[in-house]
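# Overview (structure and organization)
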Amino acid sequence: MAAESRSFVNADLPGYVGFANLPNQIHRKSVKKGFEFTLMVVGECGLGKSTLVNSLFLTDLYPDRVVPSARDKIEKTVSIEAASVEILERGVKLRLTVVDTPGFGDALNTSNCFKSITQYVDAQFEKYLKDESGLNRRNIVDCRVHCCFYFINPAGHGLRPLDVKFMKELDRRVNIVPVIAKADTLTRPELIRLKRRIMDQIDALNIQIYPLPDCDDDEDLEYKEQCKQLKEAIPYAVIGSNTMLEVQGRKVRGRLYPWGVVEIENPDHSDFIKLRTMLVAHMQDLQEVTQDVHYENFRLNRLKTHSNGTDSSVQNSTTEDRLTEKQLAEKDAELRRMQEMLTKMQAEMAAKSAAGRSVDADAPSVPTPASRVTSAAAPAYPSAAARNANLSGPGGASGQAPPPPPSHPPPYNKDYNEDLNY
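### Some points on the packing of helix 3 (residues 49-57) against helix 9 (residues 272-281)
Two elements in contact, helix 3 and helix 9, have axes separated by 11 Å at closest approach and are oriented at 65°. Put simply, helix 3 runs roughly perpendicular to helix 9. The hand of the helix 3/helix 9 crossing is right-handed. Residues L52, S55, L56 and F57 of helix 3 touch helix 9, and the partners they reach there are F272, L275, R276 and L279. Partitioned by chemical class, the residues of the contact of helix 3 with helix 9 number 6 nonpolar, 1 polar and 1 charged.

What follows is the structure, encoded as structure tokens:
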């Protein structure tokens, strides 16, 4: 009865349906599930990539990092190192994966040093496509590279050939954000000229960097001004440091020089705050561009490749069928030719056989040796009584001698042998 007497708790007002609460449901579900983000940092050794990443997320991703010596850099190749860490801030969990590329640009021959990076990015797209096409699509781990910080050497006076080749090779695969490293080595006028030169080169070479989204008309003025400043600050000139210093009674992160302290979080000293704001405030947009643009382009190219492979296989099978039919026709013609030759030979043999039989019929018959022996056996050797009768007869007194015996030995005759014995 107590359960039946309890009333349903509903704080909604009359006339309120409740679908305006859908964003809150998505928020609770997203907070419970957490977020995933993959950041790639590319640049020469010694430009402060690891220091900047640790400064951005207030963590130490490379506790056991070993700096290679000059001898090791001569023959060192580009390697891919991925480090993941879970960051929890105000109940929101972020699974951050930082992909580092040690060895990039360190070798004497840097013509192919970006190929391993390209292969890694394509491999992550291929892995996601395979998982998406599988049966278990609910627990897919997104390891695609959502953003790439490309560090530009401040002493290069603009983009070098290696920078241009890398950015043109990966601008269709990943969101590239150009970053000028160690901006504290340049004065303010030098930094402004370098930024302008880099952007002119990017526009002239048609390099596609990450475009910040345009603000809608209904956005507030502060957000519009923030997006405007973020667009104007590209490429971001940053300074990284994990050292805490005390300046005028407050703790800051910066670098201590004989002439003063450079604060990395001071907008007048560095674009570090702008870079972090761009990364965090537009993290969802970076993931959407990766999904809707770069991944779809990869998927489309993959489908085209499979389609072309199928067409080529069908064409090859058709060609093979044609070759098989040609071979079969040639074999049939050869069999018919052999059959005709066989028929002709049989006809010739039959004609020769008929001619031989006609010749045998026209020629006199020659007795065989056996027949000759059998027919001549009786009259050639008469009995003793016959010989006596011949001798005593009318012709016997004439004194004629009997016929000479044959030159060949006579065959065995029983009567003849008895007469001789007699």
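### Here we look at empty space enclosed by the protein
Considering all chains together, one arrives at 1 cavity of 30 Å³ or more under this definition. Approximately 40 Å³ is the volume attributed to the largest cavity. What lines the largest cavity is simply I176, V177, P178, I209, Y210, L212, I234, Y236 and M278. No other element matches the 3 residues that strand 5 (residues 176-180) contributes to the lining of the largest cavity. Considered class by class, the residues forming the lining of the largest cavity number 9 nonpolar, no polar and no charged.

### What about helix 9?
Buried within helix 9 are the following residues: F272, L275, M278 and L279. Down the axis of helix 9, the smallest arc covering the buried residues is 130°, so these residues share one side.

### Focus on the sheet that holds strand 3 (residues 92-100)
Spatial strand order, 2-3-1-4-5-6: 6 strands in an open sheet with mixed pairing. This sheet does not close on itself; its edge strands, each paired only once, are strand 2 (81-89) and strand 6 (236-237). In this structure, strand 1 (residues 35-42) lies alongside strand 4 (residues 147-152), joined through 4 bridges in parallel fashion. Each bridged residue has a counterpart across the sheet, and for L39 the counterpart in strand 4 is C147. Together, strand 1, strand 4 and strand 5 form the strand contacts of helix 6 (residues 161-170), whose direction differs from that of strand 4 by roughly 170°. Packed on one face of the sheet, helix 7 (residues 188-204) meets strand 4, strand 5 and strand 6 and runs near 150° to strand 5.

### So, the pattern of salt bridges
Under the definition given, this model contains 15 salt bridges. Between D131 and K127 there is a salt bridge, and its shortest N-O distance comes to 3.4 Å. Note that D131 and K127 are positioned in helix 5 (residues 115-132) at a spacing of 4 residues, about one turn of the helix. The network of salt bridges with shared partners includes E44, R160 and D163.

### Quick word on the environment of E288
Of note, E288 is situated in helix 10 (residues 283-362). Using a relative accessible area of 39% as the deciding quantity, one classes E288 as partly exposed.

### Structural notes on the pairing of strand 2
Judged from the 9 bridges that link them, strand 2 and strand 3 form a sheet pairing that is antiparallel. Across the sheet, S84 pairs through a bridge with T97, a residue of strand 3. What sits between the antiparallel neighbours strand 2 and strand 3 is a turn of 2 residues, in which R90 has the positive phi angle 55°.

### A short note on unusual backbone geometry
Residue P235 follows I234 across a cis peptide bond; omega there is -5°. Looking at the element boundaries, P235 is found in the loop between helix 8 (221-232) and strand 6. Phi is positive for R90, which is not a glycine, with a value near 55°. Locating R90 in the fold gives a position in the loop between strand 2 and strand 3.

### Brief notes about the layout of surface pockets
Each pocket or cavity is described by its volume, and for the largest pocket that value is around 760 Å³. Along the walls of the largest pocket sit 23 residues, with K33, G34, E36, I140 and D142 positioned nearest its centre. Those elements giving two or more residues to the lining of the largest pocket turn out to be helix 2 (22-33), strand 1, strand 3 and helix 10. Here the residues of the lining of the largest pocket sort into 5 nonpolar, 7 polar and 11 charged. Its volume calculated, the second largest pocket comes out at about 600 Å³. Looking at the second largest pocket, it is lined by 16 residues, and the ones nearest its centre are E89, V92, L94, V280 and M283. Contributing elements (two or more residues each) for the lining of the second largest pocket: helix 3, strand 2, strand 3, helix 9 and helix 10. Broken down by element, the lining of the second largest pocket gets its largest block of residues, 4 residues, from helix 9. Its residues assigned to classes, the lining of the second largest pocket shows 11 nonpolar, 2 polar and 3 charged.

Parameters at a glance
Residues numbered from 1 in each chain as written. Predicted model: local features only at pLDDT ≥ 70, side-chain atom pairs only at ≥ 80, totals over all residues. Heavy atoms only, no water. Axes fitted to C-alpha atoms, helices over the stretch in contact; angles between N-to-C directions. Helix = DSSP H or I, 4+ residues; strand = E, 2+ residues; numbered from the N terminus. Parallel < 35°, antiparallel > 145°, perpendicular 65-115°, else oblique. Left-handed = near helix turned anticlockwise from the far one by under 90°. Contact = heavy atoms within 4.5 Å. Nonpolar A, V, L, I, M, F, W, Y, C, P; charged D, E, K, R; others polar. 1 Å grid on protein atoms, 1.4 Å probe; cavity = no way out; pocket = protein on both sides within 12 Å on 5 of 7 lines; lining within 4 Å. Points joined across faces, edges and corners; volume = space filled by probe spheres on them. Buried < 20%, exposed > 50% of the residue type's maximum accessible area, 1.4 Å probe, protein only. Arc of directions from axis to C-beta. Pairing = 2+ DSSP bridges. Salt bridge = Lys/Arg side-chain N within 4 Å of Asp/Glu carboxyl O.

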